[in-house]
Amino acid sequence: MSKQRENRIDLLRGLSLLLIFIGHAEFTFSLAFQHSRGFCDASEMFVLLSGMSAALAYYRPGATLMVERPWKRAWRLYLVHLLLFAVMAAVAAVALGYFQAAAKAIDMVDFWKDPLWHGLEALALSFMPGNLDILPLYVVLLLLAPCIFVLHDRSIAVLLALSGAVWLAAGMGHINFVNLALEGHIWYFDPLSWQFIFVIGICLGIRMKLGQPVLPYNGPLFAAAALFAFAAIPANMAIYFDIIDSPFGNLHHELVSKTNGGPLRIINVLAILYLAWNIPAVKKAADHPCMQLLCTAGRHSLPIFSVGVLLSFCALVMMRVYPQTPLSVQLLVMTAGCLLQLALAYCLERRKTARASSGGTRDTAPAMAKLSPAE
């Protein structure tokens, strides 16, 4: 098995975390910024990388059903989700108490209309306002991970075919879990759809763990990936700003659906990952000291993501209460939020290094291989 550290995973995850924060903050430029990356965004990249990380952390070749470690991680994510829910509910209560203009703008306002009942729904993962259905997505995916590993060892083709069939059925039939906090009463990230991206990531991660080639270079494939990835940027921007109509007509919404992981999104994120894996400059950047802090954020993605969610929620409240916030102030808040996350990553890494050097802890898996969430 390969024991070599792959810093590209850390780099791309760290970058995704910062992009997720910017997108969730709902600055006046956030939506345009998200659409400027083509048909997909940081969410797809992070789920794909998380599948790779899950394989590196929990997969054991030829093993029977092993649920302890991934399910233990899922339980931890569930508890972190509940903590984030409580903190955001408290922030919303303060905002509603001081800013009446926020009453109709903050998704959490419905929680305070019946906190006891909605609190019970939150425990059951059926009441998740705003950006709070991201960690639950990973809870579901981690619960599925042991079965995915077993199916992989039986037949990779069967695994991908089954996963793809579930993705297609969920997308076409709009099959989803219940989330009473959002319009439509469904999860914004449908686990039945997003599991397909996660499974693809697991298959790639297992190849890496076994020391097999991952996304090997192929000239025509590289050219096709580059053409699609770069053409998707102006195409998506033009459609988003109503400069042109989509050639797919009414079908376009289904092809780029974020809830159901539309096919254009999946093709786009795979193209971007293929390019990143085969451009030497990306590998050099991931191993360069100047990118170490960003890689560190990727290694500590759970606390970085959690802080990013809270910071983006505070920025969202600011934008809802003061929609005319000057662009300079928005950029300052954005920069401060990113720097705070990187500073936290630095502190966490220093603490981890100090504890390791003193013999206080022993890591049972590479930090880059631990699954943590995002968007």
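A few points on the structure. From a predicted model like this one, the values you see are computed outputs, not experimental measurements.

**Describing the side chain of Ser16**
- Mapped onto the elements, Ser16 comes out in helix 1 (residues 7-24).
- Setting aside chain neighbours within four positions, we find Ser16 in contact with Ala42, Met45 and Phe46.

**Considering a nonpolar patch on the surface**
- A surface patch of nonpolar side chains, about 470 Å² in accessible area, is lined by Val94, Tyr98, Phe99 and Tyr322.
- Summarising the element assignment, Tyr322 is placed in the loop between helix 14 (301-321) and helix 15 (327-357).
- Taking relative accessible area as the criterion, Tyr322 reaches 48% and is therefore assigned partly exposed.

**Some words on the pattern of salt bridges**
- Throughout the structure, instances matching the rule amount to ten salt bridges.
- For Lys283, the salt bridge goes to Asp287, with nearest N and O atoms at 3.7 Å. Highlighted residues: Lys283 and Asp287, both in helix 12 (residues 280-287), separated by four residues, approximately one helical turn.
- On the basis of relative accessible area, Lys283 is assigned to the partly exposed category, the value being 23%.

**Structural notes on the packing of helix 1 against helix 11 (residues 263-278)**
- At a minimum axis distance of 11 Å, the contact between helix 1 and helix 11 shows a crossing angle of 130°. What the angle tells us is that helix 1 and helix 11 run oblique. For helix 1 against helix 11, the interelement crossing comes out right-handed. In contact with Arg8, Ile9 and Leu12 of helix 1, helix 11 contributes Leu273, Ala276 and Trp277.
- For the contact of helix 1 with helix 11, the class distribution of residues is five nonpolar, no polar and one charged.

**Considerations on empty space enclosed by the protein**
- Inspection of the entire model under this criterion finds four cavities of 30 Å³ or more.
- Estimates place the volume of the second largest cavity at around 70 Å³.
- Taken together, Tyr58, Tyr59, Arg60, Ala63, Thr64, Leu65, Met66, Pro146, Phe149, Val150 and Asp153 make up the lining of the second largest cavity.
- It is helix 6 (residues 134-154) that contributes the most residues to the lining of the second largest cavity, four residues altogether.
- Taken together, the residues that form the lining of the second largest cavity break down as eight nonpolar, one polar and two charged.

**Things to note about the nonpolar core**
- Core analysis: the largest hydrophobic core is formed by 99 residues, its most contacted members being Val47, Met52, Met108, Leu273 and Trp277.
- Excluding anything up to four places from it in sequence, Trp277 contacts Glu6, Arg8, Ile9, Met52, Met208, Val214 and Leu215.
- Counting five residues, the second largest nonpolar core, distinct from the first, contains Phe39, Ala232, Val256 and Leu264.

**Details of the packing of aromatic side chains**
- Scanning the entire structure with this criterion turns up 16 aromatic pairs.
- Ring centres of Phe177 and Trp187 lie 5.2 Å apart, and the angle between their planes is 80°; this geometry places the pair in the edge-to-face category. With Phe177 in the loop between helix 7 (156-173) and helix 8 (191-209) and Trp187 in the loop between helix 7 and helix 8, the pair connects residues that are ten residues apart, well separated along the chain.
- Centre to centre, the rings of Tyr188 and Phe189 are 5.1 Å apart; their planes meet at 85°, and the pair counts as edge-to-face.
- Linked through ring pairs, Phe85, Phe111, Trp112 and Phe127 together constitute an aromatic cluster.
- Over the ring of Trp277 we find Arg8; its NZ or CZ atom is 4.1 Å from the centre of that ring.

Rules behind the numbers
- Residues numbered from 1 in each chain as written.
- Predicted model: local features only at pLDDT ≥ 70, side-chain atom pairs only at ≥ 80, totals over all residues.
- Heavy atoms only, no water.
- Helix = DSSP H or I, 4+ residues; strand = E, 2+ residues; numbered from the N terminus.
- Contact = heavy atoms within 4.5 Å.
- Patch = residues over 30% accessible without salt bridge, like charges linked within 9 Å, V, L, I, M, F, W, Y side chains within 5 Å.
- Areas by Shrake-Rupley, 256 points an atom, 1.4 Å probe, with all protein chains shown as cover.
- Salt bridge = Lys/Arg side-chain N within 4 Å of Asp/Glu carboxyl O.
- Buried < 20%, exposed > 50% of the residue type's maximum accessible area, 1.4 Å probe, protein only.
- Axes fitted to C-alpha atoms, helices over the stretch in contact; angles between N-to-C directions.
- Parallel < 35°, antiparallel > 145°, perpendicular 65-115°, else oblique.
- Left-handed = near helix turned anticlockwise from the far one by under 90°.
- Nonpolar A, V, L, I, M, F, W, Y, C, P; charged D, E, K, R; others polar.
- 1 Å grid on protein atoms, 1.4 Å probe; cavity = no way out; pocket = protein on both sides within 12 Å on 5 of 7 lines; lining within 4 Å.
- Points joined across faces, edges and corners; volume = space filled by probe spheres on them.
- Core = buried A, V, L, I, M, F, W, Y, C linked by side-chain atoms within 4.5 Å.
- Phe/Tyr/Trp six-rings, centres within 6.5 Å; stacked < 30°, edge-to-face > 60°.
- Lys NZ or Arg CZ within 6 Å of the ring centre and 35° of its normal.

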